[in-house]
Amino acid sequence: MTTGHDTRLDSFNDTGLDPFNTKGGRPEDPDMTATDQRADEPVLDPAAREGAELPTERTVIFDVEELNVYYGDFRAVRDASLKVHKNEITAFIGPSGCGKTTLLRCFNRMNDLIETARVTGSLRYHGVDLYHPKVDSVEVRRQIGMVFQKPNPFPKSIWANVAYGPRVAGLAKKGPAMDDIVENSLRKAALWDEVKDRLDENALGLSGGQQQRLCIARAIATDPDVLLMDEPCSALDPIATTRIEELMHGLKDDYSIVIVTHNMQQAARVSDRTAFFSVEVNPESDTRTGILVEYDSTQKMFSNPADERTENYVTGRFG
Amino acid sequence: MNEAGSAELSIEALSGSPRRVRRERIISRAMFCTAFVSVVVSALIIYALFAEAWIFMRDVDWSATWGQIGWFPRRGIYDMPTLLVASLWTTAIAMVVAAPLGMGAAIYLSEYARPSHRAFFKPILEILAGIPSVVLGFFALLWLAPNVVAHIGGEGGRGSMLAAGIGVGILTIPLVASISEDAMAAVPKSLREASAGLGARRAVTTLRVVLPAAVSGLVASLIVAVSRALGETMVVFMAGGAADAAIKTYSPYDGSLTMPAAMASLASGTDQVVGEGLTFQSLFFVGLVLFMLTLGLNLIGDRFVARVREQY
Amino acid sequence: MALTTIGTAARQGATAFTRQRRDFAGGLFKAVILLSLIVSLAVLAVLIVDTVADGWAQLSTRAWDFLNGSLRSRSIDDKLGVKQGLYGSLWIGIIVAASAFPVGVGAAVYLEEYAPKSRWSSIIELVIRNLAGVPSVVYGLLGLFLFVERSTIFGFLGLGWLADATGGRSVLSAGLTLAVLVLPIVIITAQEAVRAVPTGLKEGAYGLGATKSEMVRTQILPYAAPGILTGTLLAMSRAIGEAAPLILVGAISGGLTRNPDVWDTSGLREKFTALPIIIVEWVSERGRDPGFATAAAAAIVVLLVLVLLMNMTAILLRNRFEKKRG
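Just so it is clear, the structure is predicted and the values come from calculations on it, not from any experiment. (Residues numbered from 1 in each chain as written. Chains lettered and ligands numbered in written order. Predicted model: local features only at pLDDT ≥ 70, side-chain atom pairs only at ≥ 80, totals over all residues.)

Asks: Teacher, can you tell me more about the overall build of chain B here?
Replies: Per the secondary structure count, chain B includes 11 helices and 3 strands. Since a compact globule built from 312 residues should have a radius of gyration of about 20 Å, the 26 Å found for chain B marks it as more spread out than a globular shape. Considering only C-alpha atoms, chain B reaches an extent of 95 × 65 × 30 Å along its principal axes. When the 312 residues of chain B are sorted by exposure, 50% land in the buried category. For chain B, the proportion of contacts with a sequence separation of at least 24, taken over those separated by at least 6, is 77%. (Helix = DSSP H or I, 4+ residues; strand = E, 2+ residues; numbered from the N terminus. Rg over C-alpha atoms; globule rule 2.2 N^0.38 Å. Buried ≥ 20, exposed ≤ 12 C-beta atoms within 10 Å, placed from the backbone. Contact = placed C-beta atoms within 7 Å.)

Structural data, given as structure tokens:
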């Protein structure tokens, strides 16, 4: 147990990021300073962290209640309930097959592309039921951007990649207005300085990390409200991963971010809240259903989880 | 959107522009129509065949379709066995040519050829597949007849079912080769490695492991090739040794008409399909028989191909 | 030559036999299958060499006149040539490309991207696969029925006007018939090309709020273009080489009075011929006038150049893009 804690802390410190400084500097929060001080301490006392909760009065972006996702007869996610808050980074963690990506793909109706996929329960986005028959999935995706597991730039120029979203959304056509959007998006994605002289070159010529940042730039070019990130760093090396994580910290001032990761340290480093998913094996059909085990502030999840399964997972005993 | 702090959105904000939704629906319908063309074409083929063949079947004196001296449609004699025997002969001869050559080529390309050899031979086989059948007809009549058929008991100076059959066979080699090769490519590498790991030589692995595993694909290649050979028109029309009519014969050294060749000869030569009362309709009757036969074979072949896919 | 080869093989076989029997069997097996490949290719070589040799008398002395000449009753005629056939064949190719290409690509995109994976779409797919196996002569019957004869039964379906629109036995009828014939080929090759588009590109476009049609236009079509083009080229070359359906829809081999220029569209709704039909006609005329055998061979060379150029372009195009994309 203790060893597990130490290892975890080492990796926190390696990145130079403070995993528990999660509130983006809200001085009115009395727990803030206390947390900061404790973060540098090598020994974690779970009891000492109690009360270090995140404020709950923040605007709720997604309100998920009793959500079930089915692929045909197979239930991939069972009874998930959670709230995603504005200008926070929410991480979904858990072993593979636990339904975290499936749930993420409900948030921008990407699951619509899978014919057999079916959703029951309630998923509200700013109070609107996303699966209401009047809701148009294309419109949803214009407001909720997505970054995928494998960098997937289009085989076009860097400029055309970033301009793609604004163009299909009719925000701008070729010209100075679009050039501005492209530049701003690339700046926000911390890629502008690297590519400003070669915007006409094919995006496939970029490195993997650059490609992923281009995909982030592409996603924020449509000025979305939320960014969904599906294991955005799993195909990248550690240095590129660090850059993306730094970038996410900068982005959460403007966007709300939901990130799926199976890298626990990453969740601890970047997120404000963490949802832990696990797998339930149905003995009679031998299928695996994902269940939401626990959802809380990241700090609590990693220091003093309420559920034993979460504790086993974050300490590396399982998964 | 970001700066808007208010939590509630209206459903209209996510409904999408009605124009765009409508445009997408129109495009989707148009796409469906293009796909539906194939169904319409199939229905029209079946309708056309049945509509005219029905008149033939209703009005024909059925004794004229069986046990006659041959196929003389312009004189009202429609002896079907004449055409069926000729079709059987040319198809059988074609398979004798195409099955070993096509499968041999496929085995070589799939199991033996180095990548560089493959890259060289494969396109050439594809070119062979693209040779128009009139060219094969010409070749069968003016080269195969004097240079091959004349040496195996036939006459070199004219067409025959034998010459036409060899020509059709050459035409179907690439078909057999490509379906067989696909079937062998679908056999997992692990099977070959397991066999090689037990010390089996490549020939043994091929004969005892790969070919048995690929057998449904190989059968499919033969079935599809038989269907193709049955439907081949021009080679038999040009090199089959019979023009407008054919006397019934059981010897492949003679000339005769297969079903499609009989159809082509009925339609050619004159400006209109003319002759005795039901000549035009007989065209469709023969077409219907041919269609049913090839359709049946293709459906069976399809089953075998699907089985290959299911297995691996 | 052949005997010595067999002799050597036998001697090598004998020594191998004493050392390792199975090696000999394996070697023999390999030799047999290699032989079958070589025989297949040798046939192709003989075919091409023999045809070119046969047609050389025409091609070497009057190639240009031959390309510009017309159908004649005697083979020794300064004006004998294939221009009428070229006219028919080229226009058939154009009509096929113009009609089968949009319909075929539309159908392929529909089946891969739009169609719900239901019973209905699997029926369409089955229909397409079976259409691909229908003998070409049967398509000729369809063309005869649909575009040529003003049959009473078809008039009943309300489609009699088609025969008026095409002009009956015309290049237009032939082109449309062959377009129907190659449609399954275009659809199947285009489907393969569409299927090969990486999911990442599609999801990327959808994730940015592209509609389905925008995704198809900006991702699928550009990516699948080489594959679709390959399929269309193969389909065109197939159409240009087909003869049987043309005989059924009434391509004629004599009595053509006009010899229109290639871009003279006034000939499209008139009596017509095509290269393969000219070849068939001249082959059958050779009994009366043996010089027509040479003319037929020369016409085959012209046809082969057209067809093989298209095929090779298609194959090269495909191989190049396959390599490029790994």
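The discussion continues.
Asks: What's the story with the nonpolar core in this structure? I'm lost.
Replies: Here is a general trend for soluble globular proteins: nonpolar side chains tend to be buried in one another's company. Judged by nonpolar contacts, the single largest core of 288 residues is most densely connected at Phe138(B), Ala140(B), Val182(C), Ile279(C), Ala296(C) and Ala299(C). Setting aside chain neighbours within four positions, we find Ala140(B) in contact with Ala145(B), Ala163(B), Ala164(B), Ile166(B), Gly167(B), Val235(B) and Ala239(B). (Core = buried A, V, L, I, M, F, W, Y, C linked by C-beta atoms within 7 Å.)

Asks: Whenever I open this one, the interface of chain B and chain A confuses me. Can you help?
Replies: Note: interface size is frequently given as the accessible area lost on complex formation between the parts. Each partner contributes to the interface: chain B provides 11 residues, whereas chain A provides 18 residues. Its residues assigned to classes, the side of chain B that touches chain A shows 6 nonpolar, 4 polar and 1 charged. (Nonpolar A, V, L, I, M, F, W, Y, C, P; charged D, E, K, R; others polar.)

Asks: Please explain the packing of helix 3 (residues 115-129) of chain B against helix 5 (residues 161-185) of chain B as it appears in this structure.
Replies: Relative orientation and spacing of two packed helices are given, respectively, by the angle between their axes and the distance between those axes. All names here are of chain B. Contact geometry of helix 3 with helix 5 gives a least axis separation of 8 Å together with a crossing angle of 135°. Judged on the interaxial angle alone, helix 5 and helix 3 are oblique. In this structure, helix 3 meets helix 5 at a crossing whose hand is left-handed. Between helix 3, through Leu125, Glu126, Leu128 and Ala129, and helix 5, the contact on the second element is made entirely by Ile173, Pro174 and Ala177. Here the residues of the contact of helix 3 with helix 5 are counted per class, giving 6 nonpolar, no polar and 1 charged. (Axes fitted to C-alpha atoms, helices over the stretch in contact; angles between N-to-C directions. Parallel < 35°, antiparallel > 145°, perpendicular 65-115°, else oblique. Left-handed = near helix turned anticlockwise from the far one by under 90°.)

Asks: I'm lost on the interface of chain B and chain C in this one. Help?
Replies: Contacts between the two partners involve 67 residues from chain B and, on the opposite side, 69 residues from chain C. Ranked by residue count, the leading element in the side of chain B that touches chain C is helix 1 (residues 18-59) of chain B, at 18 residues. Classifying every residue of the side of chain B that touches chain C by side-chain character gives 46 nonpolar, 14 polar and 7 charged.

Asks: Honestly, the confidence of the model for chain B in this entry has me stumped. Any pointers?
Replies: Interpretation of the predicted coordinates at a detailed level should be avoided for regions scoring low in pLDDT. Here chain B shows a mean pLDDT of 90. Residues at 70 or above account for 95%. Contacts from residues 1-6 of chain B, a stretch scored under 50 in pLDDT, to residues over four places away or in other chains number 7 contacts. (pLDDT = per-residue confidence, 0-100.)

Asks: What should I look at first to understand the pairing of strand 4 (residues 117-125) of chain A in this one?
Replies: If a strand is regular, its side chains alternate between the two faces of the sheet. Residue and element names in this part refer to chain A. Sheet analysis places strand 1 (residues 60-71) next to strand 4, joined by 8 bridges and oriented antiparallel. Note that in strand 4 the partner of asparagine 68 across the bridge is threonine 120. Relative to strand 5 (residues 128-129), strand 4 runs antiparallel, the two being bridged by 2 bridges. Paired with arginine 124 across the two strands is aspartate 129, which belongs to strand 5. The antiparallel hairpin formed by strand 4 and strand 5 contains 2 residues in its connecting segment, where histidine 126 sits at a positive phi of about 50°. (Pairing = 2+ DSSP bridges.)

Asks: So what exactly am I meant to see when it comes to the domain arrangement of chain B here?
Replies: All names here are of chain B. As far as domains go, chain B holds domain 1 (11-59) and domain 2 (64-311). Every contact between the two is made by 8 residues of domain 1 and, on the other side, 8 residues of domain 2. Looking at the side of domain 1 that touches domain 2 residue by residue, the class counts come to 6 nonpolar, no polar and 2 charged. (Domains from an automatic or database assignment.)

Asks: What should I look at first to understand the domain arrangement of chain C in this one?
Replies: All names here are of chain C. Domain boundaries assigned for chain C yield domain 1 (2-61) and domain 2 (83-325). On the side of domain 2, 7 residues touch domain 1, which itself brings 7 residues to the contact. Along the lines of polarity and charge, the residues of the side of domain 1 that touches domain 2 split into 3 nonpolar, 3 polar and 1 charged.

Asks: I keep staring at the sheet that holds strand 3 (residues 246-247) of chain B and nothing clicks. Help me out?
Replies: By way of backbone hydrogen bonds, the strands of a sheet pair with one another, either parallel or antiparallel. All names here are of chain B. If you walk across this open sheet you meet the 3 strands as 2-1-3, and the pairing is antiparallel. The open sheet terminates on both sides in strands that have one partner only, identified here as strand 2 (77-78) and strand 3. Direction of pairing for strand 1 (residues 70-72) relative to strand 3: antiparallel, over a ladder of 2 bridges. Looking at strand 3, one finds that glycine 70 is bridged to isoleucine 247.

Asks: Would you mind showing me how to read helix 10 (residues 212-241) of chain C here?
Replies: Side chains three or four residues apart in an α-helix point the same way, a direct result of the helix having 3.6 residues per turn. Residues and elements named next belong to chain C. For helix 10, with 30 residues, the first-to-last C-alpha span of 38 Å runs short of the 44 Å given by 1.5 Å per residue. The axis of helix 10 is deflected most strongly, by about 60°, at alanine 225, and proline proline 226 appears within four residues downstream. Extensive coverage of helix 10 is indicated by the burial of 22 of its 30 residues. (Expected span 1.5 Å × (residues − 1). Bend = angle between axes of the 7 residues up to and from the residue.)

Asks: Got a minute to help me understand the pairing of strand 1 of chain A in this structure?
Replies: Residues and elements named next belong to chain A. Summarising the sheet, strand 1 and strand 2 (residues 74-85) pair through 8 bridges and their orientation is antiparallel. Counted as the bridge partner of leucine 67 is alanine 80 from strand 2. A loop of 2 residues connects strand 1 with strand 2, the two strands running antiparallel in sequence, and glycine 72 in this loop sits at a positive phi of about 65°.

Asks: Honestly, helix 5 of chain B in this entry has me stumped. Any pointers?
Replies: Residues and elements named next belong to chain B. Between the first and last C-alpha of helix 5 there are 35 Å, a value that for 25 residues agrees with the 36 Å anticipated at 1.5 Å per step. The axis of helix 5 is deflected most strongly, by about 40°, at threonine 172, and proline proline 174 appears within four residues downstream. Most of helix 5 sits inside the fold, with 22 of its 25 residues counted as buried.

Asks: Whenever I open this one, the environment of Asp23(C) confuses me. Can you help?
Replies: Residues and elements named next belong to chain C. Locating aspartate 23 in the fold gives a position in helix 2 (residues 21-68). Of the residues examined, aspartate 23 has 14 C-beta atoms within 10 Å and is grouped as partly exposed. A C-alpha to C-alpha distance of 40 Å links aspartate 23 and phenylalanine 321, two positions 298 residues apart in sequence.

Asks: For this particular structure, what's the right way to read the confidence of the model for chain C?
Replies: Residues and elements named next belong to chain C. Averaged over all residues, the pLDDT of chain C equals 87, while 90% of them reach at least 70. Of all helices and strands in chain C, the one with the weakest mean pLDDT is helix 1 (residues 2-19) (47), whereas helix 9 (residues 199-207) scores best (96). Low confidence marks residues 1-7, where pLDDT is under 50. Its contacts with residues over four positions away, or in another chain, come to 0 contacts. Within the model, the stretch residues 13-19 combines pLDDT values under 50 with 5 contacts to residues more than four positions away or in other chains. Quick note on the complex model: pTM equals 0.87, ipTM equals 0.92.

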